[in-house]
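# Descriptive analysis of the structure
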Amino acid sequence: TARPCMLISSSVALDFVLIGRTSAFLLLHQARAERFFRSDHTNNWAVLVCTSRFWFNYRHVANTLSVYRSVKRLGIPDSHIVLMLADDMACNHRNPKPATVFSHKNMELNVYGDDVEVDYRGYEVTVENFLRVLTGRLPPSTPRSKRLLSDDHSNILIYLTGHGGNGFLKFQDSEEISNVELADAFEQMWQKRRYNELLFIIDTCQGASMYERFYSPNLMALASSQVGEDSLSHQPDLAIGVHLMDRYTFYLLEFLEDIHPASQANMNDLFKVCPKSQCVSTPGHRTDLFQRDPGSVLITDFFGSVRKVEITMETINLTVPGIPLERFGGEPHTETALAYVDQLPVAQIIHQKPKQKDWHPPDGFILGLWTLILLVFFRTYGIKHLKHIF
Amino acid sequence: MTARHPRTPAPLLVIGQRFLTQLLIGQRPRRTGSLWPSFHSRWPRWKWVSFLFILPRRRRSPRPQSGMKVRPVLSDPEKQRGRSAAVAIAALVIAAGIPLWWKTTETYRAWLPAARISELEALQLELRVEVEVVFARGTLSPEQQKKVPASRMREQTYESCCKSKSLCLVEADHALHTLTETSCGSVVIYIIPEASALLPQDMRVYVGRSRTALLRSQVASVVGAGLPEVLAALDPQMEQVLQTMSFNHQDVTAALTDRLRPGLSTRDSLADSMRAFKSSPGYEITFSLLNPDPKHHQLHWDVEAALDAYIYPLLHKMAPVANFSVDSQILYYAVLGVNPRYDASASAYTLSADSLAHVINPVEARLGSNAASSNPVLNFLLYVPDSLHSPLIIRNDQKQEVASNAFHSPRWGGIMVYNVDGAYGNDTQFPVDIAIDMSRVMGVFLSQLRLMLGFQQTGAPPGFVLEAAGREGVAEWELDRLLWSRSVENVATASASITSLAQLLDQIANIVINDNIAQQVASAVTALQAAVAELEAGNLALALEHSREAISASERAFFDPSLLHLLYFPDDQKFAIYIPLFLPMCVPILLSLLKIFREVQQHRAEKRAKRD
């Protein structure tokens, strides 16, 4: 569970001076009101995109799945996550451990898990679909899980990874999205107030070029490398045979594993993730379009989903007074116990005791085999040995 | 050795030719073997003649010395023909080619009413409320009564016998409501004399369940004071009544938050706008019963009857605002995400206010939603704690028990904890059949639903009494209040959509504008203007209808799947596409035109020189 006492006292210390215990309650109430308004969002969304296919781009899928795992662990439900994976690594023919995607070498952490919900998979991950998800211009037949149904009080996290260059990001090895298109898409989202605040993280080569052209308000962007630098991968695993993660996302995952839903870590800590000594490339960030001070923005404002909650004070009196709570049905019914039909004969599958098989006389194959052996023997050594048998 | 002619071909070629000629003549010794018949049957002698055309032959004419260019000498008519051909081709390219290329690479853009859209940017809203003021007997002196124009006078008598004080007021209100016909959005204020016993002493205004208000007149009937002065004196009180019953400045600014700068709305209205859902054509409401302990509790809830009795009346009243779809479900083995703490003093398990925020997320993963629609979902959860953690009470910040034992989350829904430990003792046979008291549950859910739908928890001004809505769910003036703010919000959102769509289509010249989009935009603009006109006239119901039409048309136009901006071409890509196509064609044409031009100039210069 959370640590509520620490939470209240820290926010109180931020805003008010704690004078005495009697006045503390009034201050607590105001502190809660302050916390309600510190961030304007009521729900969280995440759009996580991996844009490369082929087995040797395993690390991009692992990047995206590790961010997915963190985001789910911190509370965002699957209905609020749009996960786009351009290729299927877990069930790839070359995966020596099927149904797993590892992020640490020696197979320490399986980020695929049991509970993955991929919304756009394989060839559905295209620039067109990505822009349609962002702007909301999807055909009417699109199901709810494939839509970004955010409103003006949603905080959205967008994570892109793949191969990129100066001003573009490559999708599926066949098309690219440019930074101008991305900036225009965000502007259209702002025009329709489809987000309250947006955090954009990109882990590609020359990733900083992708956020250069943003011009809409309330955007914060992080990139794994500057223009002219390459983002490097982290560790290869010798059993799987490919690089498992990119450096920036590896250290980002390490940072996020320490965050829990009640954590007070803020964006300044996120900017310090993966310095040049660890990442070899220089991560960059952009906060000029963001209205709040990054030091006051919690990590869980974007990565988690901490709901604002109010106690229901008013109720409507619908009861006719005087009628007590009644028990349904007087005597207990005797019903036959329901059981599942024995569809899986477990006893036959799991051999705990070898079943006693009936003896059958040897059938044709064994008879023929022995006849052949005898014939060869007597042919080689002569029929006269037969008298030793009979 | 004889001196060889310098242009004798090389020895290999000689051998090859000699071999061929001998083959042709047929004097070469033939080799026996299997290859003979096939080779020679495939290549009979007469076929070898064709090689003579491929092999290099000696020139007939002498090779000219290097350095001397030989230009084909053309005669004048040929030159003239060449010139006219070049000019004709250039003319064809310029006159027919360029317009054809332009036309075929044009994007289809249907016509949009740009002038009317630019008018929408500077939209001025005027909201008019129809108020009917009725003076009861005894509030006006006879002279003032005479001053009232005849058309406004109405003699109505109303007699009732009041059994008790509190019921009297409700009955009076109900009877008054039947007297006058009130349309949607209008308000009727009854001025009653100061000495009247209908209202208690400290109460100045009573607002009933329909659109009527009783106002205690505080103007002493002074002899000689005219009607205008009386009305002027009543103005501030009437304005207060209207602000409570219809709309006030905060409501309107909260509804216009899309188009206003942030910081103009107050904290309370911001909290209200954050709590209630934005205007949407439909909502989905889901009622869920969470039973974590089916081995001990066998719960029965008659949710259909409860919905019919308590929720559907409210939703029917809200039909002009939006469509609602309601469903219900029961979830077994669904647990809360937090561990409640045992409080020995209350001998109950408690959930503190801060841990409530972490309750919702684990549960939400288990709740389903209708995959076919993209309408916002309201979830109302009824959680019956398991027998090990019963009873479970919610404590607020001041560590006090919450009467309703429920909490809600803005724009999401509400959760109520229903304790059933009182229904059975320790020695009953499990599982115990328990019927849930739906009226208590629906009382809480109804109030939460009202908050989510936008009926604000307005604090009544001092001296006001607002009659509680009771079983109907919502009073008519509360609904009117919601309709006012919804119409304004719809008009603001629709105009914002249309203007930003027009701006987007202007900026990006490559987007195709289909006919259906143009039609949607036109109908949205028409509906918007109609809505604004109706708001000015005071017809709230019509205004809301037009504003709903406007917002649905504008959303459909803005979110049309064909308006995809995948058409950004950087300049170097444009050059890369056009240059290989047009350069090989245009360069010869241009050069030939230049050449013709230069020849004409030269000819003219010669002519001038000849003349001179």
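Described in the following lines is the structure provided in the data block. (Residues numbered from 1 in each chain as written. Chains lettered and ligands numbered in written order. Predicted model: local features only at pLDDT ≥ 70, side-chain atom pairs only at ≥ 80, totals over all residues. Heavy atoms only, no water.)

Looking now at the side chain of Arg307 of chain A. Assignment of secondary structure puts Arg307 of chain A in the loop between strand S10 (284-286) and strand S11 (310-311). By relative accessible area, Arg307 of chain A is classed as buried at 5%. Side chain to side chain, Arg307 of chain A and Glu364 of chain B meet in a polar contact 2.4 Å long. (Helix = DSSP H or I, 4+ residues; strand = E, 2+ residues; numbered from the N terminus. Buried < 20%, exposed > 50% of the residue type's maximum accessible area, 1.4 Å probe, protein only. Polar contact = N/O pair within 3.5 Å; in protein donor to acceptor, adjacent residues only side chain to side chain.)

Going through the model one piece at a time under the given rule, you end up with 23 aromatic pairs over all chains. Between Phe130 of chain A and Phe171 of chain A, the aromatic rings sit 6.0 Å apart at their centres with planes inclined by 35 degrees, giving tilted as the arrangement. Remark: Phe171 of chain A occurs in strand S6 (residues 168-171) and Phe130 of chain A occurs in helix H4 (residues 127-135); sequence separation between them is 41 residues. On the basis of relative accessible area, Phe130 of chain A is assigned to the buried category, the value being 0%. Between Phe377 of chain A and Phe378 of chain A, the ring centres sit 5.0 Å apart and the planes meet at 70 degrees, which makes this aromatic pair edge-to-face. Taken together, the ring pairs in this structure connect Trp101, Trp102, Tyr578 and Phe582 of chain B into an aromatic cluster. Across the ring face of Tyr120 of chain A, the terminal group of Lys146 of chain A is positioned such that the distance to the ring centre comes to 5.1 Å. (Phe/Tyr/Trp six-rings, centres within 6.5 Å; stacked < 30°, edge-to-face > 60°. Lys NZ or Arg CZ within 6 Å of the ring centre and 35° of its normal.)

Residues and elements named next belong to chain A. Taking burial as the measure, the eight residues of strand S1 (residues 43-50) include eight buried ones, the bulk of the element. Residues of S1 alternate between two faces, with Asn43, Trp45, Val47 and Val49 on one and Asn44, Ala46, Leu48 and Cys50 on the opposite face, all of them buried. The pairing of S1 with strand S4 (residues 154-161) spans eight bridges and is classified as parallel. Looking across to S4, one finds that Asn44 is bridged to Asn155. Direction of pairing for S1 relative to strand S2 (residues 81-85): parallel, over a ladder of five bridges. Within the sheet, the bridge partner assigned to Val49 lies in S2 and is Met84. (Pairing = 2+ DSSP bridges.)

Attention now goes to the sheet that holds S6 of chain A. Residue and element names in this part refer to chain A. The three strands are arranged S5-S6-S7 in an open sheet whose pairing can be described as antiparallel. Where the open sheet ends on each side, the last strands, each with one partner, are strand S5 (164-165) and strand S7 (175-178). Where S5 meets S6, two bridges bridge the pair, whose relative direction is antiparallel. Of the residues in S6, the one forming a bridge with Gly164 is Leu169. Across the sheet, H4 lies against S6 and S7, angled at about 35 degrees from S7, the strand it touches most. (Contact = heavy atoms within 4.5 Å. Axes fitted to C-alpha atoms, helices over the stretch in contact; angles between N-to-C directions.)

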